[in-house]
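For reference, the chains in residue letters:
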Amino acid sequence: MSTVNERTASVDVATGNHGSLRHQNITSILRLIYRDRPISRVELSRITGLNKATVSSLVSELLESGCVRSIGENQSERAGRREVLIDIDPQKTSAVSMEIGIGNISVIAADFAGETISRSDVTFDLNLTAGRVISKAARMANDAAAEAESLNGKVAGISIAVPGAVDIETGNVLFAPNLGWRDVPILERLKAKISHPVLVDNEASLAALGEHFFGAAKGLRGVLYISAGVGLGGGLIVDGDIYRGSSGIAGEFGHMTVDIGGKPCSCGKNGCWETAANEAALFSEYRRLMPRAKNVADRSQLIDQILISSGAGEECGIKALEFIARPLAVGIDSLIKAFDPERIVLGGPLSSFSKFLIPMISRELQQRRIFGVDHCAEVVAASFGPDAALKGGVARVIRSFLRTPAI
Ligand SMILES: [Zn+2]
């Protein structure tokens, strides 16, 4: 196995005569076409180091399989020669992605380029047993898969995001406190009801992957995704992949202690980061500064009020956001020191305040640089808002397909 250079750190090219090596090379070429699409055979040869005849033969096989297609000529060819460009065929392969939320289930089907082609959302009673919720999810997944195959190509897999820690080997939900689930063998139960390949993952990890694969941190190797809302959580992309830790709880950033003996947290500890920088902290500071808001109990109404107030430059809105921006920045700064990411993506419900929060957080981070060596990673708003985990599920299905295409 030889590893090629340039922008190909994640693409290994195998050399040798064995059939499986040929399959590995086809997989590498397909992944490159997906990543750098559209791309010419000459460019594929240059990046992989494989000779042009080998690349042409591998591309022919991919064209026959229907995964990729020719899309005409490269008009800006510098050598003056026009070359046929190869692209993926979005309509030959589909992915289904579902998110089980707190009392709601959303499912989308997407084409091979990741574009959504259908969507469905339902609510469920939080008193339902895990078994009933899983049965409902399986029915929705099967319906979405059938629809995807009638609108687009064959379904490569179905991803299910859950709001809890997942054992990625067994597919068991270890705990999902907001659903009241503990040790639920969700993958095993879904596999019994769904004929397509199924995978289960944590929603914040998938959201990080969605932003890395399609969105605000596309293609970056090290990404910190922060989801800020009722709590604080997130996901880490390390070397281009989800970092899960040894027991699947990596990303539970909100429960890092930032104030020993501080406010009690839902996890049972005190002084967790999320107690200082979540929605409740923002709302209570806004109500303190704007007594008229004391009687507004509706969450989305409060968010709208704070958006209008800060948009108009009113002190109460701005000050309330500053109240959570500083602790948010302090925690992000610690994570920067631990992981040194290239970019930080702010997602979750509080990202609707990104326009205000990001400059505040960035200023604080600048002041916290040490020794002048840390590059002060850029903070950006998430591209997909509440749909980041759904997009991440599509990304996981597509990535699995790219690693082991059925060719
Ligand atoms: Zn906690």
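This one's a predicted model, so the numbers in the text were calculated from it and none came from an experiment.

Definitions and cut-offs
- Residues numbered from 1 in each chain as written.
- Predicted model: local features only at pLDDT ≥ 70, side-chain atom pairs only at ≥ 80, totals over all residues.
- Heavy atoms only, no water.
- Donors = N, O, S within 2.8 Å, 3.2 Å for Na, K, Ca; no water.
- Tetrahedral: all angles 85-135°; square planar, octahedral: opposite > 155°, others 65-115°.
- Buried < 20%, exposed > 50% of the residue type's maximum accessible area, 1.4 Å probe, protein only.
- Domains from an automatic or database assignment.
- Buried area = accessible area lost by both parts, 1.4 Å probe.
- Salt bridge = Lys/Arg side-chain N within 4 Å of Asp/Glu carboxyl O.
- Helix = DSSP H or I, 4+ residues; strand = E, 2+ residues; numbered from the N terminus.
- Nonpolar A, V, L, I, M, F, W, Y, C, P; charged D, E, K, R; others polar.

Chemist: Which residues make up the coordination of the zinc ion, and what values do they have?
Modeler: Every protein donor of the zinc ion is listed here as His 255 (ND1), Cys 265 (SG), Cys 267 (SG) and Cys 272 (SG), and their distances to the metal cover 2.0 to 2.3 Å. Considering all 4 donor atoms around the zinc ion, the spread of angles at the metal, 105 to 122 degrees, places the coordination shape in the tetrahedral class. Ordering the donors of the zinc ion by residue number gives the pattern H-x9-C-x1-C-x4-C. Residue Cys 265 is classed as buried on the basis of its relative accessible area, which comes to 11%. The exposure class of Cys 267 is partly exposed, given its relative accessible area of 38%.

Chemist: I'd like to hear about the domain arrangement of the protein, residue by residue, with values.
Modeler: Each domain of the protein was delimited in the assignment, giving domain 1 (2-88), domain 2 (93-211) and domain 3 (216-382). Both faces considered, domain 2 and domain 3 share a buried interface measuring about 1,100 Å² in area, 61% of it formed by carbon and sulfur atoms. Taken as a group, Ser 205, Ala 208 and Glu 211 account for 47% of the area that domain 2 buries against domain 3, more than any other trio of residues on that side. The tally of links from domain 2 across to domain 3 stands at 1 salt bridge. With a closest N to O distance of 2.8 Å, Arg 244 and Asp 201 form a salt bridge. When residues of the side of domain 2 that touches domain 3 are traced back to their parent elements, those giving at least two are strand S10 (165-167), strand S11 (172-176) and helix H6 (203-213). When residues in the side of domain 2 that touches domain 3 are grouped by element, the largest group, 6 residues, is from H6. For the side of domain 2 that touches domain 3, a count of residues per class yields 9 nonpolar, 1 polar and 2 charged.

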